[in-house]
Amino acid sequence: MCQSVNFALNNNNATVEMLTGSNYKKWKQDIEFALGIVDLDFALRQNEPRRPTDESTDSQRAHYARWEKSNRLSLIAMKRSIAEHLLSGLPENLTAKAFLDAVGERFKISNKAEAGYLVNELTNMKYNASIGIREFILRMVHIQTKLKGHNIVFQDDFIVHHVLNVLPADFSQIKTAYTAQNETWGVNDLIGKCVAEEDKLKKEKNESAFALLSIKDKTKFFNKNKGKFKRHNSLAPKQSQNFKRKGNDDKY
C-alpha cells in the first residue's frame, strides 16, 4: 500500500501519494492538485520573473515575491512526497517547474506502453459487487476515454457488450432482455437498467435473509422453551378413572 503525505494551509488540506516510480501519473495529478488547492502552484504555471532591482515597482516586487514563495514551497512539497532513494540523481538547482519536468523525464511511461496497459486493463475488467454496477461501468468508460487520447477507439457498443459478458449469472434477466430486443442500448441506458436490476437483487437478497432469520429465531425460541411447554402440559388436570358418564349409574 502506497504511503501518502498530507499538506495543509489556510484550512485547506490535500493528500499526495508518495512517488515510488510506477505511480508517476497519479503522483503528478496529486501534487498539482495539492499545490493548487493551497494556492502554491503559481511557480508551476509561470516561469521565473526578473529579479527585482532598485528601479522595480512595488507591483513587480510583489509579483516576484509571490513566485519565489510558491517556488520554494513547491520544491519542498515535491521532494517530501518522493521516496528518498528516488531523489538521488535528480538535479538540485532547479525551479519547481523545471524540477517537475525532470521527474517526468525519469519516470514517464511511453505512449505505447501506457496504451497497451490500458487495453489490457479494459479487456480484463471483472465485475466487483463491492463497488457497485454504476461505478464498475463508469470505470470502464473512463479507460475508454483515456484510450481515445492514444487514438485507440472502443465504440460504446463494445462497452455495452463487454459489460454484459462479464456480469455474473445474477444478471441473467437483463442479459436476456438485451438479446431479445432489437434496439441498441447506449452506455447511459445500460447504467440505468443495470442499477435497477442491482437494486432489485439486493432487495430480494435482504428479504430472503430476513425470512431465514425469522425461521431461525422461531426455531431457536421453540427449542429454548421446549421444556417449559412440557412442564406446563404436565400440570394440566387429568381425567379421573372413576369418572362416571351421565346416565351410567351404579345398579347395585
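The model shown is predicted, which means the values in this text are computed figures rather than measured ones.

> Can you walk me through the side chain of N71 in this structure?
Inspection of the secondary structure assignment puts N71 in helix α3 (residues 58–80). Residue N71 is classed as buried on the basis of its relative accessible area of 11%. Here N71 is in contact with A43, T95 and A96, once residues within four sequence places are set aside.

> How should I be thinking about the pattern of salt bridges in this particular structure?
Think of it this way: side chains of opposite charge can pair up when their charged atoms draw near. Under the counting rule described, the total for this entry stands at nine salt bridges. As a salt-bridge pair, K28 and E32 come within 2.8 Å of each other at their nearest N and O atoms. One end of the pair is K28 and the other is E32, both in helix α1 (residues 24–37) and four residues apart, which spans about a single turn.

> What's the story with the environment of L35 in this structure? I'm lost.
Inspection of the secondary structure puts L35 in helix α1. On the basis of relative accessibility, which here comes to 4%, the residue L35 falls in the buried class. As a C-alpha pair, L35 and A14 span 21 residues in sequence and 8.3 Å in three-dimensional space. L35 has contacts with L40, D41, L44, S74 and A77, leaving out every residue within four places of it along the chain.

> Which parts of the structure should I look at to understand the environment of T184?
On the secondary structure map, T184 appears in the loop between α9 (172–180) and α10 (187–224). Judged by its relative accessible area of 52%, T184 is exposed. C-alpha separation for the pair T184 and V160, spaced 24 residues apart in sequence, amounts to 9.3 Å.

Scoring rules and cut-offs
Residues numbered from 1 in each chain as written. Predicted model: local features only at pLDDT ≥ 70, side-chain atom pairs only at ≥ 80, totals over all residues. Heavy atoms only, no water. Helix = DSSP H or I, 4+ residues; strand = E, 2+ residues; numbered from the N terminus. Buried < 20%, exposed > 50% of the residue type's maximum accessible area, 1.4 Å probe, protein only. Contact = heavy atoms within 4.5 Å. Salt bridge = Lys/Arg side-chain N within 4 Å of Asp/Glu carboxyl O.

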